[in-house]
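Listed below are the residues making up each chain.
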Amino acid sequence: MEKPAVNTERKTKVLKFLKKYSVTTLGCIIYSLGVSLFLDLKNLAPGGVTGIAIIINAVLGLETNITGILVIAINIPLLILGAVFFGKNFTLSTIYATVVSSLLIELWNLILKDYPPLTDDLLLCSLAGGALFGIGLGLIFRSDSSTGGTDIIVKILRKKFRYIKTGVISLAIDFIIMGIAFAVFRDFELACYTLITIVVFTVLFDLVLYGGNSAKLLYVITTQDNSVLICDRLLKDLDVGATYVDGEGAYTGEDRRIIMCAVKNYLYPKLRDIVKEIDPHAFMIVSSAKEIYGEGYKDHFDEEL
């Protein structure tokens, strides 16, 4: 009788594993394309170990680009540090992401060496490279992995300073590396474009990492009868739960019912239409909820990103 439950649990674990590594692989592809197609092209060091590797690669001045190899070499001691702080599962997925992204960087460099660059425009390279870099790394972080390097340092600092967002910590480290890049290349214009890359990266990185957890928090103040009609529609049309709070109008003294609910951003227009249709005189307060824990949202035991 217990076999079906065991099989279901095993199937869930397999699906979770496949989803995790599929998202990680997609992130590695996007991330590596950003480095090879745009950042390496103009020596734009966006921070992290990748930025350090780009700087070292440029300083060495070798005919063959070895950015991917340098990324792996620098990561070895940092991966050991990650194993100490975060355990086996994180370390294995980080090794996978680090090796795959580094090999992909080398693969793209090998494939593209005989082709002209997509663009010689430094601004376009900084924008496109920063965007791909941020989206790729955001997907990798969302799957509870990292590309090693300073990402591990960022996660360690995030455990210590939980009130600071991951992207902000990463930005601070990237500024330090950008300063090193400026000292090496002695190019103010390049430093300015690198700053653009870092800003674009940070915005998109935080958007990918936290965007799926944000939602609208609504308080709808209406009559007892209308509150039932509105909640019925929320459950039926949007599959959204709500909580009733009894209230009283301070001026009128009349009984009021407050509907409190959280909805995904894309569902908010439909919810507003429902309220407007049932009670156009309802008083509605809308605010942003950065993180929500509970059914349909994040689990209370999920690791903090």
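Keep in mind that what you see is a predicted model, and the values were worked out from it rather than measured.

Peer 1: For this particular structure, what's the right way to read the pattern of salt bridges?
Peer 2: Two side chains bearing opposite charge may form a pair once their charged atoms approach each other closely. Following the criterion strictly, the structure yields four salt bridges and no others. Its salt-bridge partner being Asp237, residue Arg233 comes within 2.7 Å of it at the nearest N-O pair. Remark: Asp237 and Arg233 occur in helix α8 (residues 224-238); sequence separation between them is four residues, near one turn of the helix. Under the relative-accessibility criterion, Arg233 is labelled partly exposed at 24%.

Peer 1: Sorry if this is basic, but what is going on with the state of the cysteines here?
Peer 2: One way to say it: the disulfide is the covalent bond shared by the sulfur atoms of two cysteines. Going through the model one piece at a time under the given rule, you end up with zero disulfides. Residue Cys261 stays outside any disulfide, its sulfur separated by 7.4 Å from that of Cys231, the closest cysteine. Residue classification places Cys261 among the buried positions, given a relative accessible area of 4%.

Peer 1: Sorry if this is basic, but what is going on with α8 here?
Peer 2: Spacing of three or four residues puts side chains on the same side of an α-helix, whose turn is 3.6 residues. Here α8 is 15 residues long and its end C-alpha atoms lie 21 Å apart, about the 21 Å a rise of 1.5 Å per residue gives. Here the buried face of α8 lies against β1 (215-222), β2 (243-248), β3 (255-263) and α9 (268-278). Backbone geometry just after α8 places Asp239 at a positive phi near 55°.

Peer 1: Can you walk me through the packing of helix α6 (residues 166-185) against helix α7 (residues 188-210) in this structure?
Peer 2: For any two helices packed against each other, the geometry comes down to the angle between their axes and how far apart the axes lie. Between α6 and α7, the shortest axis-to-axis distance is 10 Å and the interhelical angle comes to 165°. Looking at the two axes, α6 sits roughly antiparallel to α7. The chirality of how α6 crosses α7 is right-handed. Judged by residue contacts, Thr166, Gly167, Val168, Ser170, Leu171, Asp174, Phe175, Met178, Phe182 and Phe185 of α6 engage Phe188, Leu190, Ala191, Thr194, Leu195, Ile198, Phe201, Thr202, Phe205, Asp206, Leu209 and Tyr210 from α7. Counted by class, the contact of α6 with α7 contains 15 nonpolar, five polar and two charged residues.

Peer 1: Before we go on, may I ask you to explain the pairing of β1 in this structure?
Peer 2: Each regular strand displays side chains that alternate between the two surfaces of the sheet. Here seven bridges tie β1 to strand β4 (residues 283-289), and the two strands are oriented antiparallel to one another. By the bridge assignment for β4, Leu218 is matched with Val286. Pairing between β1 and β3: seven bridges, direction antiparallel. Directly across from Ile221, in β3, lies its bridge partner Ile258.

Peer 1: So what exactly am I meant to see when it comes to the sheet that holds β1 here?
Peer 2: By definition, the strands of a sheet pair up through backbone hydrogen bonds, in either a parallel or an antiparallel sense. Read across the sheet, four strands follow the order β2-β3-β1-β4 without closing on themselves; strand pairing throughout is antiparallel. Looking at which strands have only one partner, the edges of the open sheet turn out to be β2 and β4. Shown here is a sheet whose adjacent strand axes are inclined to one another by a mean of 20°, direction ignored. Relative to the sheet, α8 contacts β1, β2 and β3, its axis offset from that of β3 by approximately 20°. Contacting β1, β3 and β4, α9 runs over the sheet at an angle of about 170° to β4.

Conventions we followed
- Residues numbered from 1 in each chain as written.
- Predicted model: local features only at pLDDT ≥ 70, side-chain atom pairs only at ≥ 80, totals over all residues.
- Heavy atoms only, no water.
- Salt bridge = Lys/Arg side-chain N within 4 Å of Asp/Glu carboxyl O.
- Helix = DSSP H or I, 4+ residues; strand = E, 2+ residues; numbered from the N terminus.
- Buried < 20%, exposed > 50% of the residue type's maximum accessible area, 1.4 Å probe, protein only.
- Disulfide = S-S within 2.5 Å.
- Expected span 1.5 Å × (residues − 1).
- Contact = heavy atoms within 4.5 Å.
- Axes fitted to C-alpha atoms, helices over the stretch in contact; angles between N-to-C directions.
- Parallel < 35°, antiparallel > 145°, perpendicular 65-115°, else oblique.
- Left-handed = near helix turned anticlockwise from the far one by under 90°.
- Nonpolar A, V, L, I, M, F, W, Y, C, P; charged D, E, K, R; others polar.
- Pairing = 2+ DSSP bridges.

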